[in-house]
Amino acid sequence: MKFNTALSVVGTILLNIAGSLCQLDVCGQAPLNTKIVGGQAATAGSWPWQVSIRSAKYEGHFCGGSLINKDWVLSAAHCFQSSFLGTIEIYLGLQSQSGSNPYKEYRTVSRFINHPNYNNPPHDNDIALLQLSSSVTFSDYIRPVCLATAGSVFAAGTESWVTGWGVTQSGGRQIPDLLQEVMIPIVSNRDCNNNYGGGITSNMICAGLTQGGKDSCQGDSGGPMVSKNGSLWIQSGIVSFGQGCADPNTPGVYARVSQYQDWINQTGVVKLNSSGFRSSPDLLSFSISLIFSIIPFICSLYFSSEKLFE
């Protein structure tokens, strides 16, 4: 009986550990997203990793970003080159810039990490990490996105979604109240480089229509470009720059997320494995250690029970 009881206890412990490990990979899930066309306002919860970055200097929203775990946001380095960093606020779970937003969470930023090799121009290495003042709790309306890892391929024509509160026309000054979404295809770096007359590096990825008409624009900077892989959404790009907005033959240019796996890992923000999922070495090590510490306990109970029935 002691042996059976021990097995039952250990089994329960191991099942709880397995459940915890399964909960580590929550990125890229958007249960409320059912969209199949672009160029319109998004419904609440469609893009749960989208954040609005605000500052009193700009009288509100000025850049976007994406939640990558409970403590960190990914954005563009060019958004954080001024001395007003202490005024920045992060809003999560938003659909509207002015509405009630019942699922809204608000944080300040405790730490900024701009890529050390960011160059402006030509906006190479246009990537930044922002640490939230406190952790967020995940829900259907606030979830992290999966990040494309090294070697990820997004072929020309791949359907990609861009989201944000940027202006809806080139030269516009008024941002939309509701979060906007648009679907655009990936453009090869070769074609993009030809369109721009040079300057497109391997650290960039482009997307847009030959005829124009759909694009990111001012105010979308730092926001995510994502593609769906099976049931998961993977962030391939960060809104960086463009020539005009939605002009023909001038696709939008994005920081290529897959180029920065090593840099993100080195910062210690979040570890990515080869599948693009986050892993928790500490929890895994703890689980293994716990398993091996339980084995002697099981054996001792087993041999004790053997003696009882001799």
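Rules and cut-offs
Residues numbered from 1 in each chain as written. Predicted model: local features only at pLDDT ≥ 70, side-chain atom pairs only at ≥ 80, totals over all residues. Heavy atoms only, no water. Pairing = 2+ DSSP bridges. Helix = DSSP H or I, 4+ residues; strand = E, 2+ residues; numbered from the N terminus. Axes fitted to C-alpha atoms, helices over the stretch in contact; angles between N-to-C directions. Disulfide = S-S within 2.5 Å. Buried < 20%, exposed > 50% of the residue type's maximum accessible area, 1.4 Å probe, protein only. Core = buried A, V, L, I, M, F, W, Y, C linked by side-chain atoms within 4.5 Å. Contact = heavy atoms within 4.5 Å. Phe/Tyr/Trp six-rings, centres within 6.5 Å; stacked < 30°, edge-to-face > 60°. Polar contact = N/O pair within 3.5 Å; in protein donor to acceptor, adjacent residues only side chain to side chain.

A few points about the sheet that holds strand E6 (residues 105-114)
Step number 1: Spatially, 6 strands are ordered E2-E3-E4-E7-E6-E5 in a closed barrel, and the strand pairing comes out antiparallel. Direction aside, neighbouring strands of the sheet carry axes that sit 40 degrees apart on average.
Step number 2: Across 6 bridges, the pairing between strand E2 (residues 50-55) and strand E3 (residues 60-67) is antiparallel. Within E3, the residue paired with Ile-53 across the bridge is Cys-63.

Section: the state of the cysteines
Step number 1: For the structure shown, the criterion picks out 4 disulfides.
Step number 2: Note that Cys-63 is cross-linked by a disulfide to Cys-79, the S-S spacing being 2.1 Å. Here the S-S torsion is close to -85 degrees, and the disulfide linking Cys-63 with Cys-79 is therefore left-handed. Note that Cys-63 is positioned in strand E3 and Cys-79 in the loop between strand E4 (72-75) and strand E5 (88-92), a separation of 16 residues in sequence. Here the two residues Cys-63 and Cys-79 agree in accessibility, since each one is buried.
Step number 3: Across the disulfide, Cys-217 is cross-linked to Cys-245 (sulfur-sulfur distance 1.9 Å). Disulfide Cys-217 to Cys-245: torsion about the S-S bond roughly 90 degrees, handedness right-handed. Taken together, the residues Cys-217 in the loop between strand E11 (204-207) and strand E12 (224-229) and Cys-245 in the loop between strand E13 (232-241) and strand E14 (252-256) connect sequence positions 28 residues apart.

Quick look at the environment of Gly-244
Step number 1: One can find Gly-244 in the loop between E13 and E14.
Step number 2: Judged by relative accessible area, Gly-244 falls into the partly exposed class, the value being 29%.
Step number 3: On a C-alpha basis, the gap between Gly-244 and Asp-215 in space is 9.5 Å, while along the polypeptide they are 29 residues apart.

Brief notes about the nonpolar core
Step number 1: Residues Ile-53 and Ile-90 are the most contacted members of the largest nonpolar core, which totals 48 residues.
Step number 2: Listed by contribution, the elements that provide at least two residues to this core are E2, E3, E4, E5, E6, strand E7 (128-132), E13 and helix H3 (261-267).
Step number 3: Residues in contact with Ile-90, not counting those within four places in the same chain, are Val-51, Ser-52, Ile-53, Val-73, Glu-105, Tyr-106, Arg-107, Val-109, Leu-130 and Leu-132.
Step number 4: With 15 residues, the next largest nonpolar core counts Ala-148, Ile-186, Met-225 and Ile-234 among its residues.

Digging into the packing of aromatic side chains
Aromatic ring pairs are defined here through the distance separating the ring centres and the angle between the ring planes.
Step number 1: Counting across every chain of the model gives 9 aromatic pairs.
Step number 2: Taken together, a centroid distance of 6.4 Å and an interplanar angle of 80 degrees make the contact between Phe-62 and Phe-80 edge-to-face. With a gap of 18 residues between them, Phe-62 in strand E3 and Phe-80 in the loop between E4 and E5 connect regions that are remote in the sequence. Across this residue pair, the class does not change: Phe-62 and Phe-80 are buried.
Step number 3: Ring pairs connect the aromatic residues Trp-47, Trp-49, Trp-161 and Trp-233, which therefore count as one cluster.

A closer look at the environment of Ser-152
Step number 1: Structurally, Ser-152 is set in the loop between strand E8 (146-147) and strand E9 (159-164).
Step number 2: Spatially, the C-alpha atom of Ser-152 lies 9.2 Å from that of Val-257, the residues being 105 residues apart in sequence.
Step number 3: Looking at Ser-152, its side chain comes within polar contact range of the main-chain oxygen of Thr-149, at 2.6 Å.

A closer look at the environment of Ile-184
Step number 1: Along the chain, Ile-184 turns up in strand E10 (residues 180-187).
Step number 2: Ile-184 has contacts with Thr-158, Glu-159, Ser-160, Val-162, Ala-207, Gly-208, Lys-214 and Tyr-254, leaving out every residue within four places of it along the chain.

Describing unusual backbone geometry
Step number 1: Within the chain, Asn-101 stands out as a residue other than glycine whose phi angle is a positive 45 degrees.
Step number 2: Within the secondary structure, Asn-101 sits in the loop between E5 and E6.
Step number 3: Exposure remark for Asn-101: the relative accessible area of 10% places this residue in the buried category.

Let's talk about the pairing of E9
Step number 1: Most of E9 sits inside the fold, with 5 of its 6 residues counted as buried.
Step number 2: Taken together, the 6 bridges between E9 and E10 define a ladder with antiparallel strand orientation. Paired with Ser-160 across the strands is Ile-184, a residue of E10.
Step number 3: Sheet topology places E9 next to E12; 2 bridges connect them, and they run antiparallel. Opposite Trp-161, over in E12, you have Val-226 as the bridge partner.

Just geometry here; none of it tells us what the structure is for.
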